[in-house]
Amino acid sequence: MCLSTVYKNEKKPENQMMQNVMLIECKDGVVKLTDIMGREMEIEGEVALADLTGGMAIVRPRATA
Amino acid sequence: MANEHDHEYMHEHNIPHDHHDHDAEHPHTGGADHAHSHEHTHTHSHEHTHADGTTHSHPHEHTHSHEHGHSHCPSQAAGCNSDCAHCDVDPKAELVALMQYMVNHNAAHANELAQLAQRLKDMGEEIAFEQVMQAVSDFEKGNMRLSTVLAAMNLPKQ
């Protein structure tokens with residue numbers, strides 16, 4: 001229910017992808033993040049973890065060959 | 001002269017060696033890519049033999065500079081492939097949107113707390129029910145104050 005901060009791979013400040021995320025959609029190997037202002041960000045990969053009480057999610061990008 | 005001697009360098013000048021660590025972190029507030037130039041200094045020795053047959057070495061330093069290019073956008077650094085144009089949002093508009101979200105969020109939580117209180121009442125916990133409902137009332141008063149501030153911020157400037 002709360003807005004979340006999404007990180008890549010690990011919860012570290014430098015890995016922060018987006019704050020105030022209100023929507024996370026996963027489709028066809030793409031994770032799409034949308035923040036409260038409607039800004040969108042897409043990354044190829046998967047949601048590794050979503051801490052719904054901590055307002056935090058981690059996205060693991062798909063490994064590139 | 002006493003200082004004249006032959007230098008027989010006993011190593012190649014491209015011997016790999018380690019650079020010292022440095023801290024390149026700095027505040028990232030913009031969105032543009034750029035690079036910072038900085039220097040590394042390292043010390044090593046050349047062993048050489050003098051005319052009198054004495055072999056020894058003198059330490060000395062080499063300094064060189066190079067650059068690291070990077071982005072100041074944390075989202076790009078984290079792998080964002082989206083167009084940066086969509087990130088340009090008025091900071092005040094974003095703050096107001098966040099506050100509006102919080103007011104609505106708080107109202108939803110107040111409602112959830114009232115439902116929990118009702119469950120306490122159904123369990124016969126009358127005193128706990130009254131205390132939680134008092135907390136809900138206090139919570140709503142605070143949220144009303146936030147809502148008033150928000151309404152004032154949304155008024156057009158005269």
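Higher on the page you've got the structure.
For the structure given in this document, a descriptive report is provided here. Counting restarts for each chain: residues are numbered from 1 in the order of the written sequence. Labels follow written order: the first chain is A, the first ligand is 1, and so on. Local features in this predicted model are restricted to residues whose pLDDT is 70 or higher, and side-chain atom pairs enter the listing and the counts only when it is 80 or higher, whereas totals over whole chains, interfaces and linings include all residues.

**What to know about the overall build of chain B**
Item 1. Looking only at helices and strands, one finds 3 helices and 2 strands in chain B.
Item 2. Listed N to C, the secondary structure of chain B is β-β-α-α-α in terms of helices and strands.
Item 3. In this scheme every C-beta is placed from the backbone, and a residue whose C-beta has 20 or more other C-beta atoms within 10 Å is buried, one with 12 or fewer is exposed, and one in between is partly exposed. When the 158 residues of chain B are sorted by exposure, 3% land in the buried category.
Item 4. Contacts spanning at least 24 positions in sequence make up 59% of the contacts within chain B whose residues lie at least 6 apart. Labels follow the DSSP assignment, with helices taken as runs of H or I lasting at least four residues and strands as runs of E lasting at least two, numbered in each case from the N terminus. A pair of residues counts as a contact when their C-beta atoms, built from backbone coordinates, are separated by no more than 7 Å.

**What about the sheet that holds strand E4 (residues 40-51) of chain A?**
Item 1. The criterion for strand pairing is that DSSP finds at least two bridges linking the strands in question. Spatial strand order, E1-E2-E3-E4-E5 (chain A): 5 strands in a closed barrel with mixed pairing. For this sheet, the mean inter-axis angle between neighbouring strands, taken without regard to orientation, is 60°. With axes taken as lines fitted to C-alpha atoms, and helix axes fitted only over the stretch in contact, angles between N-to-C directions fall between 0 and 180 degrees.

**A few points about the packing of helix H2 (residues 91-122) of chain B against helix H3 (residues 126-154) of chain B**
Residue and element names in this part refer to chain B.
Item 1. Packing of H2 against H3 brings their axes to within 9 Å, and their N-to-C directions diverge by 165°. Classified by the angle their axes make, H2 and H3 are roughly antiparallel. Both H2 and H3 take part in a crossing whose hand is left-handed.
Item 2. For this classification, the nonpolar set comprises Ala, Val, Leu, Ile, Met, Phe, Trp, Tyr, Cys and Pro, the charged set comprises Asp, Glu, Lys and Arg, and every other residue, Gly included, is treated as polar. Class assignment of the residues belonging to the contact of H2 with H3 gives a composition of 21 nonpolar, 5 polar and 3 charged. Any angle that falls under 35 degrees is termed roughly parallel, while one over 145 is termed roughly antiparallel, one within 65 to 115 roughly perpendicular, and all others oblique. The crossing is said to be left-handed when, going from far helix to near helix, the turn is anticlockwise and less than a right angle, and right-handed when the turn is clockwise.

**Digging into unusual backbone geometry**
If a residue is not glycine, its phi is most likely negative; likewise, a peptide bond is most likely trans.
All names here are of chain A.
Item 1. Positive phi, normally seen in glycine, also occurs at Asn-20, with a value near 50°.
Item 2. Mapped onto the elements of the fold, Asn-20 is located in strand E2 (residues 16-27).
Item 3. Although it is not a glycine, Asp-28 sits at a positive phi angle of roughly 55°.
Item 4. Here Asp-28 is to be found in the loop between E2 and strand E3 (30-35).

Everything listed is a geometric property; what it means functionally is a separate question.
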